[in-house]
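Structural overview
This is what each chain is made of:
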Amino acid sequence: MRWTETFITTQRDDPQEAEIPSHKLMIRAGMIRKLASGLYTFLPLGLRVLRKVEAIIREEMNRAGALEILMPILQPRNLWERSGRWEGMDDIMLKARTHQGRELVLGPTHEEVVTDLVAREISSYKQLPKNLYQINTKFRDEIRPRFGVMRSREFIMKDAYSFDYDDASAERSYQQMFDAYTRIFERCGLNAMAVEADTGMMGGNRSQEFMVPAETGEDAIVLCPECGYAANVERAGRKEEPVRVTRTKQTIEEIDTPELRTVEELAAFFQTTADRFIKTLIYTADGEPVAILIRGDRDVNESKLRRFLGVEELELADEETIRKITGAPLGFAGPVGLEGVRIIADYSVAHIAAGITGANRKDTHLINVNIDRDCAIREYHDLAIAQEGDLCPRCGLPMTFRRGIEVGHVFKLGTKYSEALSAMVKDESGREKPAIMGCYGIGVSRTVAAIIEQHHDEKGIIWPSPVAPYQVLILAINPADEAVSGAAEGLYKELTKKGMEVLYDDRPVSAGVKFNDSDLIGISVRITVGKKFIRSGGVEVKRRDSEEVHSLPPSEVTELVEEMLSLI
RNA sequence: CGGGGCGUAGCGCAGUCUGGUUAGCGCGCCUGCUUUGGGAGCAGGAGGUCGGGAGUUCAAAUCUCCCCGCCCCGACCA
């Protein structure tokens, strides 16, 4: 492709709206343009990369035995009512309505559609296992779209769904997808890692996310450098620290704390630190109130709590409920004498000696509280968000934190959807059983952004060759000079004939502009034809990821470029 | 939804506090000439309902009110 015949508009300045490198570079390199918040057009250069990633995904999915299909984006409301997610996913679903008033959902995901399909078409265990996938646009009404295509309202996703008849087979399907994902991200040049994850709205038994470590990632990953335990912070467990505490012998005292509600305010008032406080939070779990005790310097991990309680709906109780349970307004709840509500304590409170806590009376707190002496706590559990230095739940050594970008997520769904949507198969004995499902997603457009996050420098993108929009860039310094353009044209034709994807920068602009654009769009191999060629007959070949320049006659270029591309 | 910021030419910005000729700068764009190894030079040129509406005023990019859009943090979320 000649630069003058394609549509690559680069920008010199960072766009004002972009914050992270991939977003800035995708705009500057002319890969994407914004239509509105969270909505982007892919321009030719960006689309080429997207297609490369898709091609890798297709190859690996097909190799793993998955079958490509294409499902509708618009889905009937009825299907979502049957799965029970019409309510639960209400806030992220974009909806449409036909002239007749029929309600449709712009698919945020496709479990319902694919399970319904399988329910209709498959009836015997002999037809299983099956794994169906598609690469399609998904719609999610994100509360806050951000970072360009990293989190947008409309995005390209590869989603696969496996159906098996027994646990062993389901486990194999899961493992096959896990392995395929590992290969896909590797081929995209990504250093990705699998971490334990929360199943969230998808439900199911177990899930793992594929994370690309990046400072700009939206997720926090907890890692154990010793045993390799890795988990999303939403999921991460922790081992309790064995701490010896000295109980106070002093008795509980009531202290006036007018209008002091938060731990910070109280810590300042008592001139002490947050870890002396027993924080008492009242939640409503599927309509039932529950009191959670946690040390003042810790936060409740609501995913853990939801999982522990086995409930769907979990939110902090409203003021009225708090008043009813504690007899006090918001900010003065405490475990001493608290009755008529289930109390669950995070392990962190077990160590507090002479603690401070709410007195269940307005403007009053208690001091000298010994949790074992003064409160009747029957349930202790790990309910806290993991923090730097917490101990690994597997090996007990301190864990570290990293940030990451979630590019893929694999789930063991069990029979949640197959039961709801009657995807039943007969086993050998003729009995009907729900199919065992797994689902597997890759954010394709997000993967493109993640690749840039991991592969760029101050000048621009540095594509791994398998996903580069073109493999080779030919840069003619002064194409008006016939010797230069002749040699460049010759190379362009020769390399193209060899099957390489070549972009030929034939623009009549100054050398600096071309060099800078070349670095910006990040094509793996650059061939420069300029006055050195006129002088000495040599052209220059350089990899984007290296400073080394090879000078050689045009006749030797093809071989060197082929060799280089095989290495990048 | 709460907090903060922004909206002036395609892009990046100044001007707004303290109202006052014809709204500026850099880059980009168009024409011509000269240039061509890391964002060229000279000359000429085009391009703006200053996000929108209402108001105050002799006078509004600038002050007031309402609305819209965009970005960041939080809440939330694959």
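Structural notes, computed from the coordinates. None of these values were measured; they are calculated from a predicted model.

Here we look at the packing of aromatic side chains
Think of a pair of aromatic rings as described by two things: how far the centres are apart, and how the planes are tilted against each other in angle. In the structure shown here, the tally under the stated rule is nine aromatic pairs. Aromatic side chains Tyr125 and Tyr165 sit 6.1 Å apart centroid to centroid with 70° between the ring planes, which places their arrangement in the edge-to-face category. Of the two residues, Tyr125 is situated in the loop between α5 (111–121) and β7 (130–139) and Tyr165 in the loop between β8 (154–164) and α6 (167–187); the sequence distance between them amounts to 40 residues. With a centroid separation of 5.5 Å and 35° between ring planes, the pair formed by Tyr492 and Tyr504 is classed as tilted. In this pair, Tyr492 sits in helix α13 (residues 482–497) while Tyr504 sits in strand β28 (residues 502–505), placing the two residues 12 residues apart along the sequence. Each of the two residues, Tyr492 as well as Tyr504, counts as buried. In this structure an aromatic cluster arises from ring pairing among Phe178, Tyr181, Phe185 and Phe210.

Here we look at the sheet that holds strand β18 (residues 355–358)
Taken together, the three strands give an open sheet; going across it, the order is β13-β19-β18, and neighbouring strands pair in antiparallel fashion. Two strands close off the open sheet at either side, each with one partner strand: β13 (253–256) and β18. Here the average twist between neighbouring strands, direction ignored, is 30°. Examined bridge by bridge, β18 and strand β19 (residues 364–369) share three bridges and lie antiparallel to one another.

Description of the environment of Pro44
Here Pro44 is to be found in helix α2 (residues 44–63). Along the backbone, Pro44 and Ile8 are 36 residues apart, and their C-alpha atoms lie at a distance of 7.4 Å. For Pro44, the residues in contact, after removing those within four places along its chain, are Thr6 and Phe7.

A few points about the pairing of strand β2 (residues 39–42)
Only one face of β2 is buried, namely the one carrying Tyr40 and Phe42, since none of Leu39 and Thr41 on the opposite face is buried. Examined bridge by bridge, strand β1 (residues 32–36) and β2 share four bridges and lie antiparallel to one another. Following the sheet pairing, Ile32 is matched in β2 by Phe42. Two successive antiparallel strands, β1 and β2, enclose a turn made up of two residues, where Gly38 displays a positive phi of approximately 75°.

Describing helix α14 (residues 511–521)
Turning to α14, its buried residues are Lys514, Asp517, Ser518, Asp519, Leu520 and Ile521. Looking at the buried residues of α14, the elements they touch are α1 (21–28), α2, β26 (460–461), β27 (472–476), β28 and β29 (525–529). Following α14 by one or two positions, Gly522 adopts a phi angle in the positive range, close to 75°.

What about the protein's contact with RNA strand B?
Near RNA strand B, the surroundings consist of 43 residues, among which Ile143, Arg144, Glu406, Asp519 and Glu540 are the closest. Restricting attention to atoms of RNA strand B within 4 Å of the protein, one finds that 49% of them are sugar or phosphate atoms. Between RNA strand B and Arg144, the relevant distance is 2.5 Å, taken from a phosphate oxygen to a side-chain nitrogen or oxygen of the residue. Between RNA strand B and Lys532, the relevant distance is 3.3 Å, taken from a base oxygen to a main-chain nitrogen or oxygen of the residue. Elements represented by at least two residues in the surface near RNA strand B include exactly β1, β21 (400–414), α14, β29 and α15 (531–536). Here the surface near RNA strand B takes seven residues from α14, the largest share from any one element. Here the residues of the surface near RNA strand B are counted per class, giving 12 nonpolar, 10 polar and 21 charged.

Concerning the layout of surface pockets
In this structure, the second largest pocket occupies an estimated 440 Å³ of space. If you go around the second largest pocket, you meet 23 residues; those closest to its centre are Arg261, Lys279, Thr280, Leu281 and Gly331. Of all the secondary-structure elements, those providing two or more residues to the lining of the second largest pocket are α7 (263–270), β14 (278–285) and β18. Counting residues per element, the lining of the second largest pocket draws most heavily on β14, which supplies five residues. When its residues are assigned to classes, the lining of the second largest pocket shows 14 nonpolar, six polar and three charged.

Looking at the sheet that holds strand β30 (residues 539–543)
What the five strands build is an open sheet, ordered β28-β27-β29-β30-β31; its pairing is mixed. A strand with exactly one partner marks an edge of an open sheet, and here the two such strands are β28 and β31 (549–552). In this sheet, adjacent strand axes meet at a mean angle of 20° when their direction is disregarded. Across four bridges, the pairing between β30 and β31 is antiparallel. In the strand pairing of β31, Lys542 is matched with Val549. Where helix α16 (residues 557–567) meets the sheet, it contacts β27, β29, β30 and β31, and its direction lies at approximately 5° from that of β30.

Reading the values: rules and limits
- Residues numbered from 1 in each chain as written.
- Chains lettered and ligands numbered in written order.
- Predicted model: local features only at pLDDT ≥ 70, side-chain atom pairs only at ≥ 80, totals over all residues.
- Heavy atoms only, no water.
- Phe/Tyr/Trp six-rings, centres within 6.5 Å; stacked < 30°, edge-to-face > 60°.
- Helix = DSSP H or I, 4+ residues; strand = E, 2+ residues; numbered from the N terminus.
- Buried < 20%, exposed > 50% of the residue type's maximum accessible area, 1.4 Å probe, protein only.
- Pairing = 2+ DSSP bridges.
- Axes fitted to C-alpha atoms, helices over the stretch in contact; angles between N-to-C directions.
- Contact = heavy atoms within 4.5 Å.
- Near = heavy atom within 4 Å.
- Polar contact = N/O pair within 3.5 Å; in protein donor to acceptor, adjacent residues only side chain to side chain.
- Nonpolar A, V, L, I, M, F, W, Y, C, P; charged D, E, K, R; others polar.
- 1 Å grid on protein atoms, 1.4 Å probe; cavity = no way out; pocket = protein on both sides within 12 Å on 5 of 7 lines; lining within 4 Å.
- Points joined across faces, edges and corners; volume = space filled by probe spheres on them.

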